[in-house]
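A look at the structure
Each chain is listed here by its residues.
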Amino acid sequence: AARGFITEARNLQISREPQIVEMTRGVIVRGRFINENGAPVAAASIRIESGNRFSSEKVAEDGTFELVLQPDVPYDLLLEALAVSSTSASIPARKSGDAVDLGDVRAQSGVTVRGVVVDESGQPLPAARIWMPRPAKEGAIVSWMNGRLMEATSDEAGSFELRGLTATPALLRVDHPEKARAYVS
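Figured I'd write up the structure that's included with this text. Computed from a predicted structure; not experimentally measured.

A few words now on the overall build of the chain. Along its length, the chain carries one helix and 13 strands. Written out in order from the N terminus, the α and β elements of the chain read β-β-β-β-β-β-β-β-β-α-β-β-β-β. Against the compact-globule benchmark of 16 Å for 185 residues, the chain has a radius of gyration of 21 Å, which places it well outside the compact range. Its C-alpha atoms give the chain principal-axis dimensions of roughly 80 × 40 × 25 Å. When the 185 residues of the chain are sorted by exposure, 34% land in the buried category. Of the contacts made within the chain by residues no fewer than 6 positions apart, 59% connect residues no fewer than 24 positions apart. Accessible surface, the chain: about 11500 Å² in total, of which carbon and sulfur atoms supply 51%. The average position of the 21 basic charges and that of the 24 acidic charges among the side chains of the chain differ by 4 Å.

What follows is the structure in structure tokens.
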């Protein structure tokens, strides 16, 4: 793909005449996703929403991102990573060739839930998966289907720490290969 241009599929007519392919210059959105201490957020993604359409892009390990978006369309960006709460930014409709520098987009640490997973006899249960879909306006099922999860694994002592939650009611799922799923709210 040509840098700064929209990636599009085009149908060309087979002809002896030369074909003209007109490429659309996009709106370039740049920034850096950082935590509340100013360090880059690793293993993060950006959910790009416009109306009822969405896509997702990865953030570089140094927290930087560069998106090429369709011109004349407003967008909502949702930056997400496991250890921080989701952070959003709105991009109003811009003209072809415009550049938007969001600078540092700072995520808050959010709420941390700590606990211990034990079996029915009170013994620690290591390797349990504690998870929940990220809150979203489309609902938990859509988040789950798109892999937008917050999760942790219990250690040898059964302890876990799930970070980056919002201060809203949540339903945690606890899965273990040898046990039935448990729910905690």
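Here the focus is empty space enclosed by the protein. Under the defined criterion, the tally for this structure stands at one cavity of 30 Å³ or more. One number sums up the size of the largest cavity: a volume of about 30 Å³. In terms of lining residues, the largest cavity is bounded by V27, L69, Q70, P71, D72, V73, Y75, I91, P92, A93 and R94.

So, about the layout of surface pockets. By volume, the largest pocket amounts to about 420 Å³. Lining the largest pocket are 19 residues, with S55, V68, L69, Q70 and Y75 positioned closest to its centre. Elements with a minimum of two residues in the lining of the largest pocket: β2 (45-50), β3 (53-58) and β4 (64-69). Among the residues forming the lining of the largest pocket, the class breakdown is 10 nonpolar, five polar and four charged.

Evaluation of the coordinates by the stated rule reveals zero aromatic pairs. Sitting above the plane of the F54 ring, R47 keeps its charged end 3.8 Å from the centroid. The side chain of R173 reaches across the aromatic face of W131, ending 5.3 Å from its centre.

Our focus in this paragraph is the pattern of salt bridges. If you walk through the whole model with that rule in mind, you get 12 salt bridges. D72 is the partner of K95 in a salt bridge, and the nearest nitrogen-oxygen pair spans 3.3 Å. With K95 in the loop between β6 (84-91) and β7 (99-106) and D72 in the loop between β4 and β5 (75-81), this pair connects stretches of sequence that are 23 residues apart. Classification of K95 as exposed rests on a relative accessible area of 55%.

Calculation rules
Residues numbered from 1 in each chain as written. Predicted model: local features only at pLDDT ≥ 70, side-chain atom pairs only at ≥ 80, totals over all residues. Heavy atoms only, no water. Helix = DSSP H or I, 4+ residues; strand = E, 2+ residues; numbered from the N terminus. Rg over C-alpha atoms; globule rule 2.2 N^0.38 Å. Buried < 20%, exposed > 50% of the residue type's maximum accessible area, 1.4 Å probe, protein only. Contact = heavy atoms within 4.5 Å. Areas by Shrake-Rupley, 256 points an atom, 1.4 Å probe, with all protein chains shown as cover. Lys, Arg positive; Asp, Glu negative; His and termini not counted. Charge placed at Lys NZ, Arg CZ, Asp CG, Glu CD. 1 Å grid on protein atoms, 1.4 Å probe; cavity = no way out; pocket = protein on both sides within 12 Å on 5 of 7 lines; lining within 4 Å. Points joined across faces, edges and corners; volume = space filled by probe spheres on them. Nonpolar A, V, L, I, M, F, W, Y, C, P; charged D, E, K, R; others polar. Phe/Tyr/Trp six-rings, centres within 6.5 Å; stacked < 30°, edge-to-face > 60°. Lys NZ or Arg CZ within 6 Å of the ring centre and 35° of its normal. Salt bridge = Lys/Arg side-chain N within 4 Å of Asp/Glu carboxyl O.

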